[in-house]
Amino acid sequence: MEITTPTDDRILITREFDAPKHLVYRVWTTPELVSRWWSGHRGTTTEVKLDLRPGGRWRFVLKTNDGAEVGFHGEYREIVPDERLVYTEVFELPGVDPDDVDGPLNTVTFTALDGDRTRLELLTETGSKELRDTILQSGMEVGARGQMEIIQELADSLR
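Below: a short report on this structure. (Residues numbered from 1 in each chain as written. Predicted model: local features only at pLDDT ≥ 70, side-chain atom pairs only at ≥ 80, totals over all residues. Heavy atoms only, no water.)

**Digging into the overall build of the chain**
- For the chain, the count of helices and strands is four helices and nine strands.
- Taken from the N to the C terminus, the helices and strands of the chain come in the order β-β-α-α-β-β-β-β-β-β-β-α-α.
- By the compact-globule yardstick of 15 Å for 159 residues, the chain fits well, its C-alpha radius of gyration being 15 Å.
- A principal-axis box enclosing the C-alpha atoms of the chain has dimensions of 45 × 35 × 30 Å.
- Evaluated residue by residue, the chain yields a buried proportion of 43% over its 159 residues.
- In the chain, the share of contacts with a sequence separation of at least 24, taken over all contacts with a separation of at least 6, comes to 49%.
- Between the centroid of the 19 positive side chains of the chain and the centroid of its 30 negative side chains there is a distance of 2 Å. (Helix = DSSP H or I, 4+ residues; strand = E, 2+ residues; numbered from the N terminus. Rg over C-alpha atoms; globule rule 2.2 N^0.38 Å. Buried < 20%, exposed > 50% of the residue type's maximum accessible area, 1.4 Å probe, protein only. Contact = heavy atoms within 4.5 Å. Lys, Arg positive; Asp, Glu negative; His and termini not counted. Charge placed at Lys NZ, Arg CZ, Asp CG, Glu CD.)

**What to know about helix H1 (residues 21-29)**
- Of all nine residues in H1, seven are buried, a share of seventy percent or more.
- If you check which residues of H1 are buried, you get Lys21, Leu23, Val24, Tyr25, Val27, Trp28 and Thr29.

**Comments concerning the pattern of salt bridges**
- Throughout the structure, instances matching the rule amount to 15 salt bridges.
- When the shortest N-O distance is used, the salt bridge between Arg10 and Glu125 registers 3.1 Å. Placement of Arg10 in strand S2 (residues 10-17) and of Glu125 in strand S9 (residues 117-125) is noted, with a sequence separation of 115 residues between them.
- Judged by relative accessible area, Arg10 falls into the partly exposed class, the value being 29%. (Salt bridge = Lys/Arg side-chain N within 4 Å of Asp/Glu carboxyl O.)

In short, the description is geometric, and any link to function would need to be established separately.
Set out below in structure tokens:
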């Protein structure tokens, strides 16, 4: 997995999987499978609500290993099955109405490579350098690495 910052307000995560793209997409978009990878190795996913359609909303809640609950939600803007997802992502802060917060825009692209491999690119557009840096300093890299490892394991199990 590689994390780069192509601009002051963008984070790009790139990871190749030894699995065909339809399986990687399935792991990314199936609630029962999302509940197994979303938390990475940092806890347990306790809630997965996923309405996979343009305008549909999603919400995932992670209970961390130290007992804290962390929620994220957003709205799907674009869906091209097995190819691309575009959605917002809001980190839910205590005491802040989550509907009053505009989160980053994520674009996930699934590209078929030779040998039934897939390149996943997750581009996060934060809108500011400050938010980009806050996300990078949050420990997201450790979480993302754990997620990607589990996604590979789940894609393997679907073969």
